[in-house]
Amino acid sequence: MPESTRALGDVIPAPAKVRPVPAADFTISDSTAISAAPGAEQLAGLLRAATGLPLPVRAGAAEITSVLDETGEHGDEGYALSIAADGVTIRAATPAGLFWAAQTLSQLVPATGSTLPGGEIVDRPRFGYRGVMLDVARHFWTVDEVKAYVDAIVQFKVNYLHLHLTDDQGWRLEIDGRPRLTEVGGGAGTGVDGAGPGFYTRADYADLVAYAAQRFVTIVPEIDMPGHVNAAQAAYGELTADGTPAGPRTDQEVGYSSLVAGKEETYAFVEDVIREVAALTPGPFLHIGGDEAQATSAEDYRTFITRVLPLVAKYGKRAVGWHEMAAVELPETAVPQFWRIEAADEGTARAAANGSKVIMSPADRTYLDMKYTAESPLGLDWAALISVAQSYDWDPATRLPGVGEEALLGVEAPLWAETLRTLDDVLTMTFPRLPAIAEIGWSPRETHEWASFRRRLAAWGPRWTAQGIAYHRSPEIDWPDQAGIG
Ligand code: TNX
């Protein structure tokens, strides 16, 4: 039986504070209006989609009101939501807070009917960085596909989208003055198995950045270096040791390509790219990769990273890098992103002790490209098989010795694309594991409970189906629309 009223706490990520008032339910009807206020059109769009009701936005009295109260105590992204018999009020100090409140409210619309559960939610995130990474290099995803992905992830209050723009098999962002990067690296036959060609023009990228920003998602562009650069070396021979352009590569090997740390052409190239990417990116972060540089000597690696970090700062950005970057002493503003499966990492701990904030992406918990089970048709398995429970059952603040709660910027779930070919593939690997990571990033540790998460997650089955979002129907979850199937 589809439920006709949801419980006030039936939201992912779990809200910080929930106080139900059972007598105070509010039913949205065809005469309900939304007050003209910041974010009203986005709120109306969400509630219209969830209820099918007209919900006009109008000036003056209305049953659903939002209030931007900059003196309020909700922080950068928090909000208060009050549902009473005569209407709904949301308050936040920022438009982002109002937007996240709107996501919460739309999740409280039941599968049938439009009665919202009475009471109050006061909510704010545990971490300021709740990210997901999309690999657009191993397979290119169009602007429309990435926009659809943004729409899917914001429902879980994910606020950063890291784009892995370059790798051995492709270069996906047009760079002024370096046209061959995308002519060669984004052309036909690029991507794993040659199956993922394409690139973003500057205008495409700006369009994506703006679309995400309207939904309070900040793009983090990654230019992976000094390894993972075969596509760049195929475009420009000056980037190889002997000056000969590399041949294109479409296999899944890693660790064979490297920029040349001892060549000035390398840094002229890197500066051109960083200047361009920084200029196109309003967000504070620029990711410089730094992973799996097996073809770079340890000394060259340190030389390279030490030269590149100040270039990122020169163009006004904070450097993020895979945690190998912490082989050099990092400035406090630089952010190592831990991605391995080992129980400890000395470099990351040292960076945290020096004041750097860390992004947690342990591959055995957060990697959305890992198979769910040995039978999963998509994905890899080098780090782990990751069930929904496995992606939920960890705490970023106890994952690495020396990297506690205070040292964390937040969490991110990377989705590598070697085995993915369609947007449905991307969504199937993302859902339902991203909601687990998003809850770990947003919700207070005290709310963390598998039985509760599992129950709340089940309600997303029919909602994703209605939204046309593919997801993995993991047998760990009692999907309500599974009754009677097979
Ligand atoms: C390791 S994770 C990589 C990527 C691969 C991924 C596949 C990381 C920083 N590097 O090059 O795509 O494994 O899971």
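Cut-off values and rules
- Residues numbered from 1 in each chain as written.
- Predicted model: local features only at pLDDT ≥ 70, side-chain atom pairs only at ≥ 80, totals over all residues.
- Heavy atoms only, no water.
- Axes fitted to C-alpha atoms, helices over the stretch in contact; angles between N-to-C directions.
- Helix = DSSP H or I, 4+ residues; strand = E, 2+ residues; numbered from the N terminus.
- Parallel < 35°, antiparallel > 145°, perpendicular 65-115°, else oblique.
- Left-handed = near helix turned anticlockwise from the far one by under 90°.
- Contact = heavy atoms within 4.5 Å.
- Nonpolar A, V, L, I, M, F, W, Y, C, P; charged D, E, K, R; others polar.
- Buried < 20%, exposed > 50% of the residue type's maximum accessible area, 1.4 Å probe, protein only.
- Polar contact = N/O pair within 3.5 Å; in protein donor to acceptor, adjacent residues only side chain to side chain.
- Phe/Tyr/Trp six-rings, centres within 6.5 Å; stacked < 30°, edge-to-face > 60°.
- Lys NZ or Arg CZ within 6 Å of the ring centre and 35° of its normal.
- Pairing = 2+ DSSP bridges.
- Expected span 1.5 Å × (residues − 1).
- Near = heavy atom within 4 Å.
- Areas by Shrake-Rupley, 256 points an atom, 1.4 Å probe, with all protein chains shown as cover.
- Core = buried A, V, L, I, M, F, W, Y, C linked by side-chain atoms within 4.5 Å.
- Domains from an automatic or database assignment.

Asks: Outline the packing of helix α3 (residues 143-154) against helix α12 (residues 423-430), supporting the account with residue identities and numerical values.
Replies: Close contact between α3 and α12 brings their axes to 11 Å; oriented N to C, the two are set at 25 degrees. With respect to their mutual orientation, α3 and α12 come out roughly parallel. Handedness of the α3/α12 crossing: right-handed. For the pair α3 and α12, contact is made by Glu145, Ala148, Tyr149 and Ala152 and by Leu423, Val426, Leu427 and Thr430, respectively. Counted by class, the contact of α3 with α12 contains six nonpolar, one polar and one charged residues.

Asks: Got a sec to walk through the packing of helix α1 (residues 40-51) against helix α2 (residues 95-107)? Specific residues and values, please.
Replies: Packing of α1 against α2 leaves a shortest axis separation of 9 Å and a crossing angle of 15 degrees. On the basis of the axis angle, α1 is roughly parallel to α2. When you trace α1 past α2, the crossing you get is right-handed. The residues of α2 that touch α1, namely those facing Gln42, Leu43, Leu46, Leu47 and Ala50, are Phe99, Ala102, Gln103, Leu105 and Ser106.

Asks: Describe the side chain of glutamate 276, naming the residues involved and giving the relevant values.
Replies: For glutamate 276, the position within the fold is in helix α7 (residues 264-280). Take glutamate 276: its relative accessible area is 12%, and that puts it in the buried class. Engagement of the side chain of glutamate 276 in a polar contact is seen with the backbone nitrogen of aspartate 176, the distance being 3.2 Å. In contact with glutamate 276, other than residues within four places in its own chain, are Ile175, Asp176 and Arg202.

Asks: Tell me about the packing of aromatic side chains, and please be specific about residues and values.
Replies: In this structure the tally under the stated criterion is 23 aromatic pairs. Aromatic side chains phenylalanine 99 and phenylalanine 216 sit 5.2 Å apart centroid to centroid with 45 degrees between the ring planes, which places their arrangement in the tilted category. With a gap of 117 residues between them, phenylalanine 99 in helix α2 and phenylalanine 216 in the loop between α5 (202-214) and β14 (218-225) connect regions that are remote in the sequence. Of the residues examined, phenylalanine 216 reaches a relative accessible area of 25% and is grouped as partly exposed. Ring centres 4.5 Å apart and planes at 45 degrees place the aromatic pair phenylalanine 156 and tryptophan 460 in the tilted group. Remark: tryptophan 460 occurs in helix α15 (residues 460-467) and phenylalanine 156 occurs in the loop between α3 and β11 (160-164); sequence separation between them is 304 residues. Given the relative accessible area of 0%, phenylalanine 156 is considered buried. Note on tryptophan 460: relative accessible area 1%, which makes it buried. One Lys or Arg, arginine 340, reaches over the ring of tryptophan 339 and ends 5.1 Å from the middle of that ring.

Asks: Describe the sheet that holds strand β17 (residues 335-338), with residues and values.
Replies: One closed barrel accounts for eight strands, arranged β10-β11-β14-β15-β16-β17-β18-β19; its pairing is parallel. Going across the sheet, the axis of each strand differs from the next one's by a mean of 25 degrees, ignoring polarity.

Asks: I'd like to hear about α3, residue by residue, with values.
Replies: Along its 12 residues, α3 runs 17 Å from first to last C-alpha, staying within 8% of the 16 Å computed at 1.5 Å per residue. For α3, every residue scored as buried is listed here: Val143, Val146, Lys147, Tyr149, Val150, Ala152, Ile153 and Val154.

Asks: Which residues make up α2, and what values go with them?
Replies: For α2, built from 13 residues, the straight-helix expectation of 18 Å at 1.5 Å per residue is met to within 8% by its first-to-last C-alpha distance of 19 Å. The buried fraction of α2 amounts to 12 of the 13 residues, a majority that puts the element mostly inside the structure. If you check which residues of α2 are buried, you get Ala96, Gly97, Leu98, Phe99, Trp100, Ala101, Ala102, Gln103, Thr104, Leu105, Ser106 and Gln107.

Asks: Could you give an account of the site of the ligand, naming the residues involved and the relevant values?
Replies: Within the structure, the ligand sits among 13 residues, and Arg138, Tyr367, Asp369, Trp382 and Glu418 are positioned closest to it. At 3.1 Å from an oxygen atom of the ligand is found a side-chain nitrogen or oxygen belonging to glutamate 292. Here an oxygen atom of the ligand sits 2.7 Å away from a polar atom, N or O, in the side chain of tryptophan 382. Alone, the ligand offers 360 Å² of accessible surface; in the complex the protein occludes 97% of this. Looking at the shell around the ligand, its residues break down into seven nonpolar, one polar and five charged.

Asks: Lay out the nonpolar core in plain terms, naming residues and giving numbers.
Replies: Ranked by internal contacts, the top residues of the largest apolar core, which has 136 residues, are Leu134, Tyr149, Leu161, Tyr200 and Met225. Here this core gets eight residues from one element, more than from any other, and that element is α7. Structurally, this core is a two-domain feature, drawing no fewer than three residues from each of domain 1 (17-123) and domain 2 (129-447). Residues contacting tyrosine 149, with those up to four places away along its chain left out, are Val132, Leu134, Leu161, Leu368, Leu415, Val426, Leu427 and Thr430. Listed in part, the 10 residues of the second largest apolar core include Met133, Met370, Ile386 and Trp416.

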